Amino acid sequence: YTTLFRSKQLSAEIPMDVGGSDVDGLDVVLDSGGEVDIAFHGITENHIDPTSVSATLRSTDATGNSLGAMEHEDGDVHFEGVPPGRYWLNTWTSAESCVESVKLGGREVRGSAFNVAAGAAVHLDVAVSKNCGSIEMRAVRDGEAVPGAKVVLLFSGTAKDPGQIIEDFANDEGAFSVAGLTPGRYLLWAWAVAGKGAMAGPPSLAAVELQATAVEVKAGDPVQVDVTLLQNEGTGQ
């Protein structure tokens, strides 16, 4: 008879300064990594290109490390050797589609972090649809458009515990648009990176939560909104 053994990935994480630490005699404790499987639903029914849907895992710890996935033949994705910890699921879709829900054992976890224990097998069911909305925004100061302003959209999580964030720059007319959004409430910020009132950005989104522009996105026509620039005083780095 033949006995088959499946190798189990082990992983370890240890903080160190590259080039500034002596690694001789370094003790590293290996843990059994977890596995995360993601099954996408609604792709065939909604005629969505499977290659336009992707996912990564991002750790909620101070490192913020992201893990890539191995794609299955059926379009689903699989993560192996995931270090024990708490993770955000970051998803990316085409402009015509969006993630409607993320279920973990029947519990909705879209926009929330989840735990991966050592040796655990986590299965997520992700529903994708075309029932999406979009935002067309304009970065403004005193009612006037600000070209090239930095724009941040909180895609998931909260200002105090941000998950997925979309960052970009407004065009020469101070405009910026983002599509493929699941209907719901989003927060937007903008600040000048050059010229009058230029700043490096806020120390955190939580520090400027009260200055956020809230937008309620619905399926169908884009929401148009002006986003007032953050003030430099007290928020720059």
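Criteria and thresholds
- Residues numbered from 1 in each chain as written.
- Predicted model: local features only at pLDDT ≥ 70, side-chain atom pairs only at ≥ 80, totals over all residues.
- Heavy atoms only, no water.
- Disulfide = S-S within 2.5 Å.
- Helix = DSSP H or I, 4+ residues; strand = E, 2+ residues; numbered from the N terminus.
- Buried < 20%, exposed > 50% of the residue type's maximum accessible area, 1.4 Å probe, protein only.
- Contact = heavy atoms within 4.5 Å.
- Pairing = 2+ DSSP bridges.
- Core = buried A, V, L, I, M, F, W, Y, C linked by side-chain atoms within 4.5 Å.
- Salt bridge = Lys/Arg side-chain N within 4 Å of Asp/Glu carboxyl O.
- Axes fitted to C-alpha atoms, helices over the stretch in contact; angles between N-to-C directions.
- Phe/Tyr/Trp six-rings, centres within 6.5 Å; stacked < 30°, edge-to-face > 60°.

Caption draft 1: Geometry of the state of the cysteines. Inspection of every chain in the model, using the stated rule, returns one disulfide. Each sulfur in the disulfide pair Cys98 and Cys132 lies 2.2 Å from the other. The chirality of the disulfide connecting Cys98 with Cys132 is left-handed, given an S-S dihedral of about -95°. Of this pair, Cys98 sits in strand β9 (residues 98-104) while Cys132 sits in the loop between β12 (121-129) and β13 (133-141), and the two are 34 residues apart along the sequence. Like Cys98, the residue Cys132 is buried in the burial classification.

Caption draft 2: How the structure looks around unusual backbone geometry. Residues other than glycine seldom take positive phi values, yet His47 does so here, at roughly 55°. Here His47 is to be found in the loop between β3 (34-41) and β4 (54-59). Even without a glycine there, the phi angle at Asp142 is positive, about 55°. Position of Asp142 among the secondary structure elements: in the loop between β13 and β14 (144-145).

Caption draft 3: Region of interest: the side chain of Ser94. For Ser94, the position within the fold is in the loop between β8 (85-92) and β9. If near-sequence neighbours (up to four positions away) are discounted, Ser94 is found in contact with Ser52 and Gly180.

Caption draft 4: Summary view of the sheet that holds strand β5 (residues 66-67). Spatial strand order, β5-β4-β8-β11: four strands in an open sheet with antiparallel pairing. Each edge of the open sheet carries a strand with a single partner, namely β5 and β11 (114-116). Looking at chain direction, β8 and β11 are connected through three bridges and run antiparallel. Bridge pairing links Arg86 to Asn115 in β11.

Caption draft 5: Representation of the nonpolar core in the model. Counting 23 residues, the largest nonpolar core has Val36, Ile38, Phe40, Leu89, Phe114 and Leu124 as the members making the most contacts within it. Elements supplying a minimum of two residues to this core: β3, β4, β7 (77-82), β8, β9, β11 and β12. At four residues, the largest contribution of residues to this core is made by β12. In contact with Phe114, other than residues within four places in its own chain, are Leu57, Gly85, Arg86, Tyr87, Trp88, Leu89, Leu104, Val122 and Leu124. Val146, Leu153, Ala190 and Ala192 belong to the second-largest nonpolar core, a separate cluster that totals 22 residues.

Caption draft 6: Quick peek at the pattern of salt bridges. Counting across every chain of the model gives three salt bridges. For Arg138, the salt bridge is made with Asp226, and the minimal N-O distance between the two is 2.9 Å. Here Arg138 is found in strand β13, whereas its partner Asp226 is found in strand β20 (residues 223-228), with 88 residues between them in sequence. Measuring nitrogen to oxygen at the nearest pair gives 2.8 Å for the salt bridge that ties Glu209 to Lys160. Placement of Glu209 in the loop between β18 (184-191) and β19 (213-217) and of Lys160 in the loop between β15 (150-154) and β16 (165-169) is noted, with a sequence separation of 49 residues between them. Given the relative accessible area of 29%, Glu209 is considered partly exposed.

Caption draft 7: The side chain of Lys150, seen in detail. Among the secondary structure elements, Lys150 is positioned in strand β15. Exposure remark for Lys150: the relative accessible area of 15% places this residue in the buried category.

Caption draft 8: Examining the sheet that holds β19 more closely. Strand order in this open sheet of four strands is β16-β15-β18-β19, and the pairing throughout is antiparallel. The open sheet is flanked by β16 and β19, the only strands paired with a single partner. If you compare each strand with its neighbour and ignore which way they point, the axes differ by 25° on average. Examined bridge by bridge, β15 and β16 share five bridges and lie antiparallel to one another. Residue pairing across strands places Val152 opposite Glu167, the latter belonging to β16.

Caption draft 9: Up close: the packing of aromatic side chains. Summed over all chains, the structure comprises one aromatic pair. When the ring of Phe155 is compared with that of Tyr186, the centres are 6.2 Å apart and the planes differ by 45°; the resulting orientation is tilted. One end of the pair, Phe155, is in the loop between β15 and β16; the other, Tyr186, is in strand β18, and 31 residues separate them in sequence. A single burial state applies to Phe155 and to Tyr186, both of which are buried.

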